[in-house]
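The chain contents come next:
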Amino acid sequence: MTYVDVQVRHLEGFAETLLKCNHLYHPNSDSIALLNAVNSRRQIEIFDYGRSADAFTRAFGMRNSLKCLRALSSLGGAIHQYERVCDLGCGSGAFSLAFAYLADNPDLELRGLDASESQLLLSRELMSTAGLPGRFAFERRNLPAQIGYLPDLTIASYWFCENDHVITNPALFDLMVGREMLIVDYEKIIERIAICLPRGFRILARNSALVEIPAALTNFVAQEWASVYSIHIGRTAD
Ligand SMILES: C[S@@+](CC[C@H](N)C(=O)[O-])C[C@H]1O[C@@H](n2cnc3c(N)ncnc32)[C@H](O)[C@@H]1O
């Protein structure tokens, strides 16, 4: 099977998982208004999740999850080896869902951390509806903070754009990164992370790609293609 065939198969299978959770993703008037407002402003936004977690998930949840799935596919078969995974700023579970789907690992222990209880309620509901293998816990946490253990892999999508002071503060950055970290974010944030990477870390891979939105999801994702930028970093031996 070619690389493209594998990508298409992953996307189609993942679309089925997303559709299983469609009650969380159906657009409504609030999510359409949010999407239109964000598109018209064309800038990096910081949302009020206390008020708009539900609208955010309906407007961006599926699209973000598809982007994360695409970024994760660059890990190849190694994805099955990460058991302790931490999703920073997990929101309504976009990255967690994509990771658990691709990892397909009953030994996975995935922990999502977020400051917004409204987002966490959605992430718990999402993962319980999806019924993917692994153990999942979603906890309220103001980050950056001590996590208490070193995850095999830390994942974060669109968290650094809301916390860009962490990029330029080596001590805070160190606090947030596991043995490895995979970040999905805006192109300019990924660029900044690459440029500011503190001593003790190295770039394992950096990718950009276009994701074709599966036809089955076009009612939920108001675009045919989405671009994704990611960086995979690791700790150096010394
Ligand atoms: C843009 S959303 C992204 C959510 C999800 N990762 C995704 O890709 O859809 C950013 C999330 O990070 C959380 N967040 C932002 N700053 C935070 C902080 N300092 N501590 C904890 N959570 C934070 C927000 O509550 C929100 O759920």
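Anything mentioned here points back to the structure above.
Residues numbered from 1 in each chain as written. Predicted model: local features only at pLDDT ≥ 70, side-chain atom pairs only at ≥ 80, totals over all residues. Heavy atoms only, no water.

Visitor: Can you break down the site of the ligand residue by residue, with the values?
Guide: Neighbouring the ligand are 19 residues, the closest being Tyr49, Gly89, Asp114, Leu143 and Ser157. Here Ala115 contributes a backbone N or O atom positioned 3.1 Å from a nitrogen atom of the ligand. Taking Ser157, its side chain carries an N or O atom lying 2.6 Å from an oxygen atom of the ligand. Here the ligand loses 92% of its free accessible area of 590 Å² to cover by the protein chains. Per-element tally for the shell around the ligand: the top contributor is helix H4 (residues 49-72), with three residues. Its residues placed into classes, the shell around the ligand shows eight nonpolar, eight polar and three charged. (Near = heavy atom within 4 Å. Polar contact = N/O pair within 3.5 Å; in protein donor to acceptor, adjacent residues only side chain to side chain. Areas by Shrake-Rupley, 256 points an atom, 1.4 Å probe, with all protein chains shown as cover. Helix = DSSP H or I, 4+ residues; strand = E, 2+ residues; numbered from the N terminus. Nonpolar A, V, L, I, M, F, W, Y, C, P; charged D, E, K, R; others polar.)

Visitor: Summarise the sheet that holds strand E1 (residues 84-88); cite the residues concerned and give the values.
Guide: Pairing is mixed across the open sheet formed by seven strands, whose spatial order is E3-E2-E1-E4-E5-E7-E6. Only two strands of the sheet have a single partner each, and these edge strands are strand E3 (135-140) and strand E6 (201-212). If you compare each strand with its neighbour and ignore which way they point, the axes differ by 15° on average. As paired elements, strand E5 (residues 180-185) and strand E7 (residues 225-235) share six bridges and run antiparallel to each other. Paired with Val184 across the two strands is Ser230, which belongs to E7. Here H4 sits on the sheet in contact with strand E4 (153-157), E5, E6 and E7, set at roughly 50° to E7. Of the strands in this sheet, strand E2 (109-114) and E3 touch helix H6 (residues 117-130), which is tilted by about 170° from E3. (Pairing = 2+ DSSP bridges. Axes fitted to C-alpha atoms, helices over the stretch in contact; angles between N-to-C directions. Contact = heavy atoms within 4.5 Å.)

Visitor: How would you summarise the state of the cysteines if you had to cite specific residues and measurements?
Guide: Tallied over the entire structure, the rule returns zero disulfides. No disulfide involves Cys90; its sulfur sits 8.5 Å from the nearest other cysteine sulfur, which is in Cys86. Under the relative-accessibility criterion, Cys90 is labelled buried at 5%. (Disulfide = S-S within 2.5 Å. Buried < 20%, exposed > 50% of the residue type's maximum accessible area, 1.4 Å probe, protein only.)

Visitor: For the nonpolar core, give the residues involved together with the corresponding values.
Guide: In terms of nonpolar packing, the biggest core is built from 72 residues, with Leu66, Leu72, Leu88, Leu97, Phe99, Phe160 and Ile193 touching the most fellow members. Leave out the neighbours within four places in its chain, and Leu72 touches Ile79, Phe95, Ala98, Phe99, Leu102 and Leu182. In this structure, Leu35, Ala55, Ala59 and Phe60 belong to the second largest nonpolar core, which totals nine residues. (Core = buried A, V, L, I, M, F, W, Y, C linked by side-chain atoms within 4.5 Å.)

Visitor: Pulling in residues and values, what's your account of the packing of aromatic side chains?
Guide: Under the counting rule described, the total for this entry stands at 10 aromatic pairs. Consider the rings of Phe56 and Phe60, whose centres lie 5.4 Å apart with planes at 50°: the pair is tilted. Of this pair, Phe56 and Phe60 both sit in helix H4, separated by four residues, roughly a single helical turn. Phe56 gets classed as buried once you look at its relative accessible area, which sits at 12%. Phe60 gets classed as buried once you look at its relative accessible area, which sits at 4%. Ring centres of Tyr158 and Tyr186 lie 5.3 Å apart, and the angle between their planes is 70°; on these two criteria the pair is classed as edge-to-face. Taken as a pair, Tyr158 in the loop between E4 and helix H7 (170-176) and Tyr186 in the loop between E5 and helix H8 (187-196) lie far apart in primary sequence, 28 residues in all. Owing to a relative accessible area of 33%, Tyr186 belongs among the partly exposed residues under this scheme. (Phe/Tyr/Trp six-rings, centres within 6.5 Å; stacked < 30°, edge-to-face > 60°.)

Visitor: An account of the pairing of E2 is needed here, citing residue identities and associated values.
Guide: Among the six residues of E2, five are classified as buried, and the element is accordingly described as predominantly covered. Bridge count for E1 against E2 is five bridges, and the pairing is parallel. From the neighbouring strand, Val85 faces E2, where its bridge partner is Leu110. For the crossover from E1 across helix H5 (residues 94-103) to E2, the handedness is right-handed. Here E2 pairs with E3 via six bridges, running parallel. If you follow Asp114 over to E3, its bridge partner there is Arg140. Handedness of the crossover is the feature at issue here: the chain leaves E2, passes through H6, returns alongside E3, and the resulting connection is right-handed. (Right-handed = clockwise from strand over helix to strand, strands pointing away.)

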